[in-house]
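Examination of the molecular architecture
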Number of protein chains: 2
Amino acid sequence: MPELTTTSEPAFDHGLRRQALVRAILTDIFHGKYRAGQRLVTEALAQRFGVSHTPIREALIELGTSGIVNLLPNRGAVVRQVTARDVREVLQVRKVLECEAVRGAARRADPVRVAAIADDIRALAARPPGPEAVAVARDLDNTLHDYICAACGNSFLQSELARLRTLYQAFRDVTWDLEEARSDFHRLGVEAGEHLAITDALRARDPRAAVRAMTAHIRSGVKYWLQVSTNLAPS
Amino acid sequence: MPELTTTSEPAFDHGLRRQALVRAILTDIFHGKYRAGQRLVTEALAQRFGVSHTPIREALIELGTSGIVNLLPNRGAVVRQVTARDVREVLQVRKVLECEAVRGAARRADPVRVAAIADDIRALAARPPGPEAVAVARDLDNTLHDYICAACGNSFLQSELARLRTLYQAFRDVTWDLEEARSDFHRLGVEAGEHLAITDALRARDPRAAVRAMTAHIRSGVKYWLQVSTNLAPS
DNA sequence: ACGAGAGGGATTCTACAGAATCGGGTTGTC
DNA sequence: GACAACCCGATTCTGTAGAATCCCTCTCGT
């Protein structure tokens, strides 16, 4: 009898087994079940999930291509070490890509849509802080960045940012959960301000202001996340 | 008896078979052997390369995760439409990443190593043009970009650029092969000049000049590649 | 220290079974 | 007769299972 995962057991439908395994392994990694540097042995995973070694191997290849695990030839997969340095590095890459995206989006953005998002952000800021506000903020953050992504006019850039997002969103959710636990909601207001700076620039169709605002937003995020996440290995 | 690939048959070493297959299939796609929208049938590929369907399937998953082919559940892999627009998009992303890398490298580069590369570039420029010169130039291009990659101080950025490189190198090799066929080696001199501008900036540890030189280099590459490759679907 | 060898595990191959898709043909109804 | 629904079979993907082979690492004996 295979051990249950922390999440609900994924539906192992035919043709979707690999995808389900990717998600299951990913959540396990971010929940700390598999630690950095740990080897992911195909046979053990196969037993754990009650499947054969083939789809496990394929899921690991997919995770390897996305950079979540390291695939060493003839030595299998090991969970990537996620250090504070890694977070800085990923966010440095994300910064240049998001800036490029927002630069393109500033020339293409639909003012009506942007205004609607901005209204939502202002509505959020007027809300009493609390766990629900965090959830809404999370959604709004996704919405705004998704919209920029979609409006950047470069579908390859869009897909690259989507890939990075699986990484940084998992990280963000973890830190925001910590945040929630300590009932400190100051960050929400800061975020809202930064987001509004971006929407203002988009509505004004000012690429340079948009890049400036996005740079500030991500810089601020780096600083905050690194400060909150004391559970990460240093440097 | 498996048919020979257009390139030299890759070394299908144990543990590197998937990688070799990824490159081989990629090259074939860029050579037009597999056209956009065409289905890639695992069994056929297995026969063609003289391997079993297992590593083929894994290679297709890797290509799917990188976005070269579309993986439809239960319906296998189909070659993505690669248009001139796609090339522009990939190179736009590559541009911002390479610029970020060279900005970092300008603060870290080893003058001795850079000078050695610059000498090689000058030596190449003094050579008579010909197929061997193209091969050397290809190696030198790799060497310089690899060095910048390695010296950028961000290992995640380094791995991202490495991933992009499989894409654009396959594309570059194809266009250079076409070039070779028509015995037009003008591009080599232009490249050498652009490369020297980059090495000069690195030796002077001038990040802004380095970014300028890299931008010019990639812009020039985009223009050239798009002009040479008339076999790609437009826009 | 150093090399042979053992063992663990990755990688690949082979063979096969279940499932999804697609095309074509059949049947039933209007 | 026209047309839609249905069924069926071919093709191919997807996953299972076991075995063979290879690579890496670690240990043990010299």
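Refer to the structure printed above.
Attention in this report is confined to the structure presented alongside it. If you're wondering where the values come from, they're calculated on a predicted model, not measured in any experiment. (Residues numbered from 1 in each chain as written. Chains lettered and ligands numbered in written order. Predicted model: local features only at pLDDT ≥ 70, side-chain atom pairs only at ≥ 80, totals over all residues.)

It is worth spelling out the protein's contact with DNA strand C at this point. Taken together, 22 residues lie around DNA strand C, and G76 of chain A together with R17, V51, S52 and N74 of chain B are the ones closest in. Secondary-structure elements contributing two or more residues to the surface near DNA strand C are α2 (42-49) of chain A together with α1 (17-31) and α3 (53-66) of chain B. Broken down by class, the residue content of the surface near DNA strand C amounts to 4 nonpolar, 11 polar and 7 charged. (Near = placed C-beta within 6 Å. Helix = DSSP H or I, 4+ residues; strand = E, 2+ residues; numbered from the N terminus. Nonpolar A, V, L, I, M, F, W, Y, C, P; charged D, E, K, R; others polar.)

The strands making up a sheet are joined through hydrogen bonds of the backbone, oriented either antiparallel or parallel. All names here are of chain B. With antiparallel pairing, the 3 strands of this open sheet are ordered in space as β1-β3-β2. The open sheet has two free edges, formed respectively by β1 (39-40) and β2 (69-72), since each of these has just one partner strand. Direction of pairing for β2 relative to strand β3 (residues 76-79): antiparallel, over a ladder of 4 bridges. Bridge pairing in β3 links L71 to A77. (Pairing = 2+ DSSP bridges.)

For F156 of chain A, the location among the structural elements is in helix α7 (residues 155-181). Exposure remark for F156 of chain A: the 21 C-beta atoms within 10 Å place this residue in the buried category. Among all residues touching F156 of chain A, those that are not within four sequence positions of it are D86, E89, V90 and V93 of chain B. (Buried ≥ 20, exposed ≤ 12 C-beta atoms within 10 Å, placed from the backbone. Contact = placed C-beta atoms within 7 Å.)

Let us look at the protein's contact with DNA strand D. The immediate surroundings of DNA strand D are formed by 19 residues, with R17, V51, S52 and T54 of chain A together with G76 of chain B found nearest. Put simply, the parts of the chain that give the surface near DNA strand D at least two residues each are α1 (17-30) and α3 (53-66) of chain A together with α2 (42-49) of chain B. Its residues assigned to classes, the surface near DNA strand D comprises 4 nonpolar, 10 polar and 5 charged.

Residue and element names in this part refer to chain A. The strand order across the open sheet formed by 3 strands is β1-β3-β2, and the pairing between neighbours is antiparallel. Each edge of the open sheet is held by one strand with a lone partner, namely β1 (39-40) and β2 (69-72). Pairing between β1 and strand β3 (residues 76-79): 2 bridges, direction antiparallel. Residue pairing across strands places L40 opposite A77, the latter belonging to β3.

The next point concerns unusual backbone geometry. Residues and elements named next belong to chain A. Phi at R205 takes a positive value of approximately 50 degrees, unusual for a residue other than glycine. Its place among the elements puts R205 in the loop between α8 (186-203) and α9 (207-228). C-beta crowding within 10 Å serves as the criterion here: with 15 such atoms nearby, R205 is assigned to the partly exposed category.

Now for the relation of the copies chain A and chain B. By a simple turn and slide, chain A fits onto chain B: the slide is 0.5 Å along the axis, the RMSD is 1.7 Å, and the turn is 180 degrees. Seen this way, the second copy is the image of the first under a two-fold rotation axis. The residues that chain A uses at the interface reappear at the interface of chain B in 100% of cases, marking a shared surface. (Least-squares fit on C-alpha atoms with pLDDT ≥ 70 in both.)

All names here are of chain A. Here L226 lies in helix α9. Taking the number of C-beta atoms within 10 Å as the measure of exposure, L226 has 17 and is therefore partly exposed. Measuring from C-alpha to C-alpha, the distance between L226 and R122 comes to 27 Å, with 104 residues separating the pair along the chain. With near-sequence residues (within four places) excluded, L226 lies in contact with A84 and V87.

This paragraph deals with the interface of chain A and chain B. On the side of chain B, 24 residues touch chain A, which itself brings 24 residues to the contact. Of all the elements in the fold, those that place two or more residues in the side of chain A that touches chain B are α3, α4 (84-106) and α7 of chain A. Per-element accounting of the side of chain A that touches chain B gives the leading share, 8 residues, to α4 of chain A.

Before going further, it helps to examine the packing of helix α4 (residues 84-106) of chain B against helix α6 (residues 131-151) of chain B. Residue and element names in this part refer to chain B. At a closest axis distance of 8 Å, the pairing of α4 and α6 adopts a crossing angle of 70 degrees. In terms of their interaxial angle, α4 and α6 are classed as roughly perpendicular. The way α4 lies across α6 gives a crossing that is left-handed. Contact with α4, carried on its side by A101, V102 and A105, involves I148, C149 and A151 of α6 and no other residues of that element. Classifying every residue of the contact of α4 with α6 by side-chain character gives 6 nonpolar, no polar and no charged. (Axes fitted to C-alpha atoms, helices over the stretch in contact; angles between N-to-C directions. Parallel < 35°, antiparallel > 145°, perpendicular 65-115°, else oblique. Left-handed = near helix turned anticlockwise from the far one by under 90°.)

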